[in-house]
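Survey of secondary and tertiary structure
Here is how the chains run, residue by residue.
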Amino acid sequence: MDLIRKVLLALPCWAAIQLLALPAAPYVVQNCTGYNSWPMMQAVGRRLVCTYSRGTGHNIGEGVRGVYARTSDDGGRTWGPEVCIVDERDRGEVTIGKGLDADGAMLLWIRSIKGAYRHDLYRSHDGQTWQKISTPNLDPTPIQITDVFSVPGKGLMALWFAGDYNAEGGHSWGVVTSDDNGLTWCQRTVERDLPKADWPTEQSAVVLGSGQILAIGRTELGRGQCQFQLESSDFGQTWTRRLTNISDTYSSTPSLIYDADTGTIANYYFERGKGLIKRRVNTVASVWNNPTSWASPEVVGVGSESTWDTGNVNVTRRGRIHHVAYYSGLSPQTSIYTLPVRVPGLKP
């Protein structure tokens, strides 16, 4: 509560009023000893499945880092026993992307590190029993493959990005697609040999219909730099990349939700260093082909002000609620939380 009070006092009146309307506290998914981090939240039917990675610190490659899951059948209020998805003792495993397959089962990309990167895709129908179904051989090797989504008539798709974060160049991004429900994947590069200034990372995408896909990508240039907006009008075959007007996103992974019944896109992100969970909501028509028209942000939650020990929102919709997962704390102890936020634009 001291953190919430401190943040409220620092906010403008409009933002403080928004926070006062929130639940008294977020729901705890996992707070056991360790660096619980980088959650992925997915609704599987009426069940919520939250997957996350745990190690000893902000270190993606430590061999003691594994990936775990818990499930909730009451909207995130309580969570079932933790299950281990994978924990190879000489490899560091991290959750990097989630989604649903054609049958409604959850898919989860896990990056496994022992020197080189390996990307494994797991499937679960209930969030408790998991099976590895694919380990694609990709070139260039992605740093991450992000959330999986379905493209009508085209199968499954996910965005990826590759590079080494140097300023000069050599960075790339593109798509992977599957026409057999995730068993095999075909990789295509959209842009290659990009300087870091033009490199969209940790992308989140939504399918809008009529061949349109909109994605938001993180920038790697530091504070004050705007998110990228990526658009495709031909089911992901070709793309445009332009900067948005969203710059309060230092090292923050975006998470997009498209609500077809309201015609709105919600762009969730964490403002690291300030401990603010933010959301910008626009109609599709207002941002498509107009990436600098995103609305002013709403503050929907708070976390730790530690720059690296909190963040990485990941959102799913269940009924009338957006369930926002994130991690927060201070190394070496961080926890996974979820915050219920009402879908914008729905009538009571």
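Parameters and conventions
- Residues numbered from 1 in each chain as written.
- Predicted model: local features only at pLDDT ≥ 70, side-chain atom pairs only at ≥ 80, totals over all residues.
- Heavy atoms only, no water.
- Pairing = 2+ DSSP bridges.
- Helix = DSSP H or I, 4+ residues; strand = E, 2+ residues; numbered from the N terminus.
- Axes fitted to C-alpha atoms, helices over the stretch in contact; angles between N-to-C directions.
- pLDDT = per-residue confidence, 0-100.
- Contact = heavy atoms within 4.5 Å.
- Salt bridge = Lys/Arg side-chain N within 4 Å of Asp/Glu carboxyl O.
- Buried < 20%, exposed > 50% of the residue type's maximum accessible area, 1.4 Å probe, protein only.
- Phe/Tyr/Trp six-rings, centres within 6.5 Å; stacked < 30°, edge-to-face > 60°.
- Lys NZ or Arg CZ within 6 Å of the ring centre and 35° of its normal.

The next thing to look at is the sheet that holds strand β19 (residues 264–271). The 4 strands are arranged β18-β19-β20-β21 in an open sheet whose pairing can be described as antiparallel. On the outer flanks of this sheet lie β18 (255–259) and β21 (298–302), each paired with one strand and no other. Recorded for the sheet is a direction-independent mean angle of 25° between the axes of neighbouring strands. As defined by bridge partners, β19 adjoins strand β20 (residues 276–283) across 8 bridges and the pair is classed as antiparallel. By the bridge assignment for β20, Thr264 is matched with Thr283.

Turning our eyes to something else, we now look at the confidence of the model for the chain. It should be kept in mind that the predicted coordinates are not to be read in detail where pLDDT is low. In the predicted model, the chain carries a mean pLDDT of 93, and 93% of its residues have values of at least 70. Confidence drops under pLDDT 50 across residues 3–8; counting only partners more than four residues distant or on other chains, this segment forms 13 contacts. Note on residues 14–20: pLDDT is under 50 here. Beyond four places in sequence and across chains, it has 15 contacts.

Counted by the stated rule, this structure contains 20 salt bridges. The partner of Glu220 in a salt bridge is Arg218, and the shortest N-O contact between them spans 3.0 Å. Looking at Glu220, the relative accessible area reads 13%, which means it is buried. Ionic contacts of the salt-bridge type, sharing partners, join the residues Asp248, Glu271, Lys274, Lys278 and Arg280 into one network.

Before going further, it helps to spend a moment on the sheet that holds strand β14 (residues 201–209). Taking strand neighbours across the sheet as the criterion, the 4 strands line up as β14-β15-β16-β17 in an open arrangement whose pairing is antiparallel. Each edge of the open sheet carries a strand with a single partner, namely β14 and β17 (240–243). Across this sheet, the average inter-strand angle for adjacent strands is 20°, counted without regard to direction. One ladder, built from 6 bridges, connects β14 with strand β15 (residues 212–218); its direction is antiparallel. When the bridges of β15 are listed, Ser204 appears paired with Ile216.

Now for the packing of aromatic side chains. Enumeration according to the criterion identifies 11 aromatic pairs in this entry. Centre to centre, the rings of Tyr165 and Trp199 are 5.0 Å apart; their planes meet at 65°, and the pair counts as edge-to-face. In this pair, Tyr165 sits in the loop between β11 (155–162) and β12 (171–178) while Trp199 sits in the loop between β13 (186–194) and β14, placing the two residues 34 residues apart along the sequence. We classify Trp199 as buried; its relative accessible area is 0%. Ring geometry for Tyr250 versus Trp308: centroids 5.9 Å apart, planes at 55°, classification tilted. Remark: Trp308 occurs in the loop between β21 and β22 (311–318) and Tyr250 occurs in the loop between β17 and β18; sequence separation between them is 58 residues. With relative accessibility at 39%, the residue Trp308 sits in the partly exposed group. Each residue in the set Tyr35, Trp38 and Tyr327 is aromatic and connected to the rest through ring pairs, giving one cluster. Stacked on the ring of Tyr68, the Lys or Arg Arg54 has its end atom at 4.2 Å from the ring centre. The ring centre of Phe235 lies 5.5 Å from the NZ or CZ of Lys154, which sits over that ring.

With an omega of 5°, the peptide bond running from Asp139 to Pro140 counts as cis. Its location among the elements puts Pro140 in the loop between β9 (131–134) and β10 (144–151). Residues Ser331 and Pro332 are joined by a peptide bond in cis, for which omega reads 10°. One non-glycine residue, Ser210, lies in positive phi territory at about 55°. Summarising the element assignment, Ser210 is placed in the loop between β14 and β15. Classification of Ser210 by relative accessible area gives exposed; the value is 75%. The backbone of Asn312 sits at a positive phi, close to 55°, despite the residue not being glycine. Along the polypeptide, Asn312 turns up in strand β22.

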